[in-house]
Amino acid sequence: LTGCGSSSSDKIVFGTNAEFPPFEFKSTNGVIDGYDGIDMAIAAKIGENAGKEVEIANMEFDSLLVAIQNGQIDAAIAGMTATEERAKTVDFSTPYYTATQVMVVKEGSDIKTAADMEGKSIAVVQGYTGETVVKDLGYQYEAFKKGTECILELVNGKCDVVVIDSATAKDYVGDNEGLVIVEDPSAFESEEYAIAVKKGNTELLNTINEAIDKMLADGTISEFAAKYADA
Ligand code: GLN
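Residues numbered from 1 in each chain as written. Predicted model: local features only at pLDDT ≥ 70, side-chain atom pairs only at ≥ 80, totals over all residues. Heavy atoms only, no water.

### Focus: the site of the ligand
Here comes step 1: What surrounds the ligand is the set Phe20, Phe61, Ala78, Gly79, Met80, Thr81, Arg86, Gly127, Tyr128, Thr129, Asp165 and Tyr193.
Here comes step 2: The separation between an oxygen atom of the ligand and a polar side-chain atom of Tyr128 is 2.9 Å.
Here comes step 3: In the environment of the ligand, a nitrogen atom lies 2.6 Å from a nitrogen or oxygen atom belonging to the side chain of Asp165.
Here comes step 4: In the complex, the protein chains occlude 100% of the 290 Å² of accessible area that the ligand would expose alone.
Here comes step 5: Looking at the shell around the ligand residue by residue, the classes come out as six nonpolar, four polar and two charged.
Here comes step 6: Each of domain 1 (11-96 + 194-228) and domain 2 (100-190) gives at least three residues to the shell around the ligand. (Near = heavy atom within 4 Å. Polar contact = N/O pair within 3.5 Å; in protein donor to acceptor, adjacent residues only side chain to side chain. Areas by Shrake-Rupley, 256 points an atom, 1.4 Å probe, with all protein chains shown as cover. Nonpolar A, V, L, I, M, F, W, Y, C, P; charged D, E, K, R; others polar. Domains from an automatic or database assignment.)

### Re the pairing of strand 11 (residues 161-165)
Here comes step 1: In terms of burial, strand 11 is largely enclosed, as five of its five residues are buried.
Here comes step 2: Looking at chain direction, strand 8 (residues 97-106) and strand 11 are connected through four bridges and run antiparallel. Of the residues in strand 11, the one forming a bridge with Val102 is Ile164. (Buried < 20%, exposed > 50% of the residue type's maximum accessible area, 1.4 Å probe, protein only. Helix = DSSP H or I, 4+ residues; strand = E, 2+ residues; numbered from the N terminus. Pairing = 2+ DSSP bridges.)

### Focus: the domain arrangement of the protein
By a frequent convention, interface size equals the accessible area lost on bringing the separate parts together.
Here comes step 1: Examined at the domain level, the protein breaks down into domain 1 (11-96 + 194-228) and domain 2 (100-190).
Here comes step 2: Relative placement of domain 1 and domain 2: their C-alpha centres are 25 Å apart.
Here comes step 3: The interface of domain 1 with domain 2 comprises 13 residues on the first partner and eleven residues on the second.
Here comes step 4: Counting the surface lost from both domain 1 and domain 2, the interface buries some 1,000 Å², and carbon and sulfur atoms represent 49% of this.
Here comes step 5: Of all residues in domain 1, Glu19, Phe20 and Pro21 bury the most surface against domain 2, accounting for 45% of the area lost on that side.
Here comes step 6: Here domain 1 and domain 2 share two salt bridges between them.
Here comes step 7: Note that Glu60 is salt-bridged to Lys145, the shortest N-O span being 3.5 Å.
Here comes step 8: Counting across the domain 1 and domain 2 interface gives five residue pairs in polar contact (both at pLDDT 80 or more).
Here comes step 9: Residues of the side of domain 1 that touches domain 2, tallied by class, amount to five nonpolar, four polar and four charged. (Contact = heavy atoms within 4.5 Å. Buried area = accessible area lost by both parts, 1.4 Å probe. Salt bridge = Lys/Arg side-chain N within 4 Å of Asp/Glu carboxyl O.)

What follows is the structure, given as structure tokens:
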């Protein structure tokens, strides 16, 4: 038995960053104590399927991988893209959602492709794959703590474009008049969201994968995605 963490208990502690609608956000009527969204519904189902209680630990996105490694949480479910870099420190479940980075701009913007971002003022969220993608394109950018901060910069005319995950972009555009999404599939590869566990925690990984496989096969995850699309 390990000294810390709760891998052998009847509870699964999922870490998340509840700043990422429609995947996780705070809500008094949330599916798990004060938290709601696609990921939260998935986490609840994983617990149900395994006969285990589920608890959510809300923290900075950047802290999730460390929290797994030091046993503070058992797993991270946070719209997290399974990148090769992250897979060096954690193990990933079966992917459950395909996303891509998109650009959010003001209506009438002359940004039509990723290349048009050259010389523009770009906002990203620190530690998100959007930051990596913009960095890899070689553009200067400003990194903020939250997606909502980036969107506020854009609304206030302090930046020209926000690079962020597709479903979250849709959510923000729905909430803010005058913003539109610009896609550029040739510049932004698709990303697979997966749940992260401590390296070698195959017991929990199997528990998680069993539930995910079931939910992918019977359409539950698509249902959740549709349900929370305009959360
Ligand atoms: N998919 C992005 C990433 O993995 C953003 C995730 C998030 O903000 N929760 O970095």
